[in-house]
Amino acid sequence: RSLTQEEAYTAVRLILDDQVEDIQLGAFLMLMRVKEETPAEIAGFVQAIKESMTLPDKLPPISIDWSSYAGKRRQLPWFIQSALLLSQNGQSVFMHGLSRDDERVYAEQALEAIGVSACQGFNEVAGQINKSGFAYLGIEFISPLLERMIELRQLLGLRSPGHTISRILNPLSAKLLMQGIFHPGYAEIHQQAAQLLAQPRAAVFKGEGGEIERDPDKYAIVYGLHNGELYQEEWQPIFASATRHVKEQSLDLDLFRAVWQGEVQHEYGEAAVTSTAAIAIKALGLVNTQQAALDLARQWWGARLSKQAA
């Protein structure tokens, strides 16, 4: 049977307290993956992990929690520019994730390409948020246990609950929890887990490559949460079906930087950036309609260079 929320909490507390053998941990994680986590289990896991974290006494308020654990291999990581666009316009964004040495492009690499350095701890996060409204921190600085659980995928050959927990952890208790998933079946599980955790606002959708990034060629169904109430909304494709875009031949971070700095235009990339930002704008309650959210995101995109100069 599935664990209750309290049992899931207790299980992670045992792991955190080194009360389990490695072989037990591996068996537990594999069984959870085969069974698939329930919202109550995820909520219990998250509660235990958050209790184990050590945060600075003074942290600035965070508007959006943005997790990045999948990496990109078909399209450039346009979600990075969505997050930066939001942070330029008064919405503080805390991004967290991981990097691997493989064929994918991860958030930290993309940020470095446009001159944004990763933080080395929560104190640096606070300084960066106060300075620019944006900060990125690797999972190794947030929860060594979560990092270990995620990396066990290489040994066990299975995705572990660590991937799910990291996406919903919201370490700094941001007002809006954004989540991108790869498997559509997980959307409602994440949505309901956020509800159990009393998250004020959340927006979950199938993202390009599993990241928090809209594919502007496709419909997007957003599974949302607002003040305890669950909702769903469908967003229409930005482009007509006849203009579907193919994947990039190579993930060129020089092109990625050039688009952000206004040196070149990129039809797909700009639409991905603005339509992803629009979901966050709508979920935050800054506007009341999808069209108004898209219009505002496009307005921000057009003004980004002056913001960068400032």
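Further up the page is the structure itself.
Residues numbered from 1 in each chain as written. Predicted model: local features only at pLDDT ≥ 70, side-chain atom pairs only at ≥ 80, totals over all residues. Heavy atoms only, no water.

## Brief notes about the packing of helix α3 (residues 39-52) against helix α9 (residues 161-168)
Okay, step 1: Contact pair α3 / α9: the axes reach a minimum separation of 10 Å and the direction vectors enclose 70 degrees. Put simply, α3 runs roughly perpendicular to α9. Between α3 and α9 the crossing geometry is right-handed. Residues Ile42, Phe45, Val46 and Ile49 of α3 form the contact with α9, whose own contacting residues are Pro161, Thr164, Ile165 and Ile168.
Okay, step 2: Per-class residue counts for the contact of α3 with α9 are seven nonpolar, one polar and no charged. (Axes fitted to C-alpha atoms, helices over the stretch in contact; angles between N-to-C directions. Helix = DSSP H or I, 4+ residues; strand = E, 2+ residues; numbered from the N terminus. Parallel < 35°, antiparallel > 145°, perpendicular 65-115°, else oblique. Left-handed = near helix turned anticlockwise from the far one by under 90°. Contact = heavy atoms within 4.5 Å. Nonpolar A, V, L, I, M, F, W, Y, C, P; charged D, E, K, R; others polar.)

## A few points about the pattern of salt bridges
Okay, step 1: Per the counting criterion, the structure on display carries eleven salt bridges.
Okay, step 2: Of the charged contacts in the structure, one is a salt bridge between Asp22 and Arg148, with a shortest N-O distance of 2.3 Å. Pair noted here: Asp22 is in helix α2 (residues 22-35) and Arg148 is in helix α7 (residues 144-151), with a separation of 126 residues, a long-range link.
Okay, step 3: When salt bridges that share partners are traced, they join Lys72, Arg74, Glu208 and Glu213 into one network. (Salt bridge = Lys/Arg side-chain N within 4 Å of Asp/Glu carboxyl O.)

## Focus: the sheet that holds strand β1 (residues 64-68)
Okay, step 1: Taken in spatial order, the seven strands of this open sheet run β3-β2-β1-β4-β5-β6-β7, and their pairing is mixed. Unpaired on one side and paired on the other, β3 (134-138) and β7 (229-235) mark the two borders of the sheet. The mean angle between the axes of side-by-side strands here comes to 20 degrees, regardless of whether they run parallel or antiparallel.
Okay, step 2: As paired elements, strand β6 (residues 220-226) and β7 share seven bridges and run antiparallel to each other. Within the sheet, the bridge partner assigned to Ile221 lies in β7 and is Glu234. (Pairing = 2+ DSSP bridges.)

## Considering the side chain of His190
Okay, step 1: For His190, the location among the structural elements is in helix α10 (residues 187-196).
Okay, step 2: For His190, a relative accessible area of 2% translates into the label buried.
Okay, step 3: At a separation of 2.3 Å, a polar atom in the side chain of His190 contacts the side chain of Gln179.
Okay, step 4: Among all residues touching His190, those that are not within four sequence positions of it are Thr164, Arg167, Ile168, Gln179, Ile181 and Val204. (Buried < 20%, exposed > 50% of the residue type's maximum accessible area, 1.4 Å probe, protein only. Polar contact = N/O pair within 3.5 Å; in protein donor to acceptor, adjacent residues only side chain to side chain.)

## Observations regarding the environment of Pro56
Okay, step 1: As for its placement among the helices and strands, Pro56 is situated in the loop between α3 and β1.
Okay, step 2: When the C-alpha atoms of Pro56 and Gln199 are compared, they prove to be 21 Å apart, with 143 residues separating the residues in sequence.
Okay, step 3: Ignoring any residue separated from it by four or fewer positions in sequence, one finds Pro56 in contact with Phe122 and Asn123.

## Section: helix α13 (residues 290-302)
Counting along an α-helix, one turn takes 3.6 residues, and residues three or four places apart therefore face a common direction.
Okay, step 1: With 13 residues, α13 should reach 18 Å at 1.5 Å per residue; the first-to-last C-alpha distance of 18 Å fits that figure.
Okay, step 2: For α13, the full list of buried residues reads Ala293, Leu294, Leu296, Ala297, Trp300 and Trp301. The buried residues of α13 occupy one face: seen down the axis, they fall within an arc of 165 degrees. Facing away from the buried side of α13 by more than 90 degrees, the exposed set consists of Gln299 and Gly302. (Expected span 1.5 Å × (residues − 1). Arc of directions from axis to C-beta.)

## Notes on the packing of α9 against α10
Okay, step 1: Here α9 crosses α10 at 55 degrees, and the two axes come no closer than 11 Å. In terms of orientation, α9 and α10 fall into the oblique class. As for the relative orientation of α9 and α10, their crossing is right-handed in sense. Contacts from Thr164, Arg167 and Ile168 in α9 reach His190, Ala193 and Ala194 in α10.
Okay, step 2: Looking at the contact of α9 with α10, its residues break down into three nonpolar, two polar and one charged.

## Section: the pairing of β3
Okay, step 1: Most of β3 sits inside the fold, with five of its five residues counted as buried.
Okay, step 2: Bridge count for strand β2 (residues 93-97) against β3 is five bridges, and the pairing is parallel. From the neighbouring strand, Met95 faces β3, where its bridge partner is Tyr136.

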